[in-house]
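# Architecture and fold: a report
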Amino acid sequence: MANINWRTINIDALDPESSYNFDLSTLTPAVQPVSTADVQTLTGQIRQLLRGGDASGALQGALENAPYGADEQGKAAHLSVVTECLNQIRQAEMTPLLQRMYKAEGGSELCDTLMKYLYKGMSQGTDTPTRNHAGAKSMTPQATGGFSQAGGRNFGGTEGGGQAMSVFLSWHEKLVEMVGPGSIVRVMSDRRTV
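Since the model is a prediction, treat every value here as computed from it, not as a measurement.

## Let's talk about the packing of helix 5 (residues 107-124) against helix 7 (residues 182-189)
One can describe the packing of helix 5 onto helix 7 by two numbers: an axis separation of 9 Å at closest approach and a directional angle of 70°. Taken together, the axes of helix 5 and helix 7 are roughly perpendicular relative to one another. Relative to helix 7, the crossing made by helix 5 is right-handed. For the pair helix 5 and helix 7, the contacting residues are Ser108, Cys111, Asp112, Met115, Lys116 and Tyr119 in the first and Ser183, Ile184, Arg186, Val187 and Met188 in the second.

What follows is the structure, encoded as structure tokens:
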């Protein structure tokens, strides 16, 4: 009999239905790469709609053309223009706008995309983080009475982060009221990020 250590055999590799043999790249959807220049052109067109007073059209255009394949700089530029659109729409106009958007063709996907932008905006805290010349976030040490903390969160200080968070939360409330909690689950499980 051969001298084999049975504890070193990976039995998952022998089972054809095991997750060990599953190709994880099939879970990631294919997205077209988008250049930052294309995203900047798109944000310019959306800002033109905003200047013309068509905030709902600008928001719908921004959501229909989400740059899933862009780099982080392009995604940040698109997030800022979506945030501008959300800020331009009054609270009384939110529900009718969401109802029109949801009932239109592909409305569920638009609402899910809006939910992605709401979560992305809430995760960043402020509208536009400050960056130094190297592209990294600049951190300012703060005196915290013995504890060291660098670049703490802004909870409504002088930079306007609280007002932006209030806008995101208002939209989130109206959107969940309209489409239900299923949108949250779809956004959390989707691998395409904004």
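## Details of the pattern of salt bridges
Tallying each qualifying case throughout the model produces six salt bridges. Between arginine 186 and aspartate 112 there is a salt bridge whose closest N-O contact spans 2.7 Å. A residue pair is termed long-range when its members are at least 10 positions apart, and arginine 186 in helix 7 and aspartate 112 in helix 5 qualify at 74 residues. A relative accessible area of 37% means that arginine 186 is categorised as partly exposed. Aspartate 190 is paired through a salt bridge with lysine 116; the nearest N and O atoms lie 2.6 Å apart. One end of the pair, aspartate 190, is in the segment after helix 7; the other, lysine 116, is in helix 5, and 74 residues separate them in sequence.

## Overview of the packing of helix 3 (residues 72-88) against helix 5
Viewed as axis vectors pointing N to C, helix 3 and helix 5 meet at an angle of 100°, and their least axial separation amounts to 10 Å. Between helix 3 and helix 5, the angle is such that the two are roughly perpendicular. Of the residues in helix 5, those touching helix 3 at Glu72, His78, Leu79, Val82 and Leu86 are Leu114, Tyr117, Leu118, Lys120, Gly121 and Gln124. Looking at side-chain class alone, the contact of helix 3 with helix 5 contains six nonpolar, three polar and two charged residues.

Reading the values: rules and limits
Residues numbered from 1 in each chain as written. Predicted model: local features only at pLDDT ≥ 70, side-chain atom pairs only at ≥ 80, totals over all residues. Heavy atoms only, no water. Axes fitted to C-alpha atoms, helices over the stretch in contact; angles between N-to-C directions. Helix = DSSP H or I, 4+ residues; strand = E, 2+ residues; numbered from the N terminus. Parallel < 35°, antiparallel > 145°, perpendicular 65-115°, else oblique. Left-handed = near helix turned anticlockwise from the far one by under 90°. Contact = heavy atoms within 4.5 Å. Salt bridge = Lys/Arg side-chain N within 4 Å of Asp/Glu carboxyl O. Buried < 20%, exposed > 50% of the residue type's maximum accessible area, 1.4 Å probe, protein only. Nonpolar A, V, L, I, M, F, W, Y, C, P; charged D, E, K, R; others polar.

Limitation: the analysis is restricted to geometry and does not speak to function.
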